[in-house]
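Coordinates in review
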Amino acid sequence: MEQHTKHRPPVNVGRSTATWAQLIRTADALRTGAKHTYELRRRGISHPAGRVRELNGLGFIITRTLITTVDADGFTHNGVALYSLIHEPEGVLNAQ
């Protein structure tokens, strides 16, 4: 089983389901602009709200707005979280 220190993510995060890999992918996605729950899930983030909460705990400031959106299957969903990165602490998710 992989062991990671608080500030040491796994080396290969591309398709990993490890929490640190998901945190890195979440932060990477939000750096390019706001993303909603379904967009983050398409990037392999299994529980976007949990990852955002964990990033906030690491010093990130991420806001949430509730929106209406249509999923990939054409269903409309009300109250979907849209996350926006406001501030990122320096050096927290740097690969080592």
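One can find the structure itself at the top, above this paragraph.
In short, a report on the structure.

What counts and what doesn't
Residues numbered from 1 in each chain as written. Predicted model: local features only at pLDDT ≥ 70, side-chain atom pairs only at ≥ 80, totals over all residues. Heavy atoms only, no water. Core = buried A, V, L, I, M, F, W, Y, C linked by side-chain atoms within 4.5 Å. Buried < 20%, exposed > 50% of the residue type's maximum accessible area, 1.4 Å probe, protein only. Helix = DSSP H or I, 4+ residues; strand = E, 2+ residues; numbered from the N terminus. Phe/Tyr/Trp six-rings, centres within 6.5 Å; stacked < 30°, edge-to-face > 60°. Lys NZ or Arg CZ within 6 Å of the ring centre and 35° of its normal. Contact = heavy atoms within 4.5 Å. Pairing = 2+ DSSP bridges. Axes fitted to C-alpha atoms, helices over the stretch in contact; angles between N-to-C directions.

**With respect to the nonpolar core**
One recurring pattern in soluble globular proteins: nonpolar side chains tend to sit buried together. Counting residues in each nonpolar core, the largest one holds 17 residues, and the members touching the most others are Leu55, Leu58, Phe60, Ile62, Tyr83 and Leu93. Sorting the residues of this core by element identifies helix 1 (19–31), helix 3 (48–57) and strand 3 (76–87) as the ones contributing at least two each. Broken down by element, the residue count for this core peaks at six residues, all from helix 1.

**Topic: the packing of aromatic side chains**
Evaluation of the coordinates by the stated rule reveals zero aromatic pairs. If you follow Arg41 out to its NZ or CZ, it ends over the ring of Tyr38, 5.7 Å from the centre.

**Here's the deal with the environment of Thr19**
The topology assignment puts Thr19 in helix 1. The partly exposed category is assigned to Thr19, whose relative accessible area is 39%. Separated by 26 residues in sequence, Thr19 and Ile45 have C-alpha atoms that sit 9.0 Å apart. What Thr19 contacts, discounting residues up to four positions off in sequence, is Arg51 and Glu54.

**Concerning helix 3**
Listing the buried residues of helix 3 in full gives Pro48, Gly50, Arg51, Val52 and Leu55. Those residues of helix 3 that are buried lie in contact with helix 1, helix 2 (37–42), strand 2 (61–70) and strand 3. Positive phi shows up at Gly59, right after helix 3, with a value of about 105°.

**Description of the sheet that holds strand 3**
The strand order across the open sheet built from three strands is 1-3-2, with neighbouring strands paired in antiparallel fashion. Whereas interior strands pair on both sides, the edge strands pair on one side only; in this sheet they are strand 1 (35–36) and strand 2. Both strand 1 and strand 3 contribute to a ladder of two bridges, which runs antiparallel. Bridged to Lys35 within strand 3 is Tyr83. The strands touched by helix 1 within the sheet are strand 1, strand 2 and strand 3, with strand 3 carrying the most contacts at an inclination of about 85°. Taken strand by strand, helix 3 contacts strand 2 and strand 3, and its axis lies near 165° from that of strand 2.

Bear in mind that shape data such as this cannot, by itself, settle questions of function.
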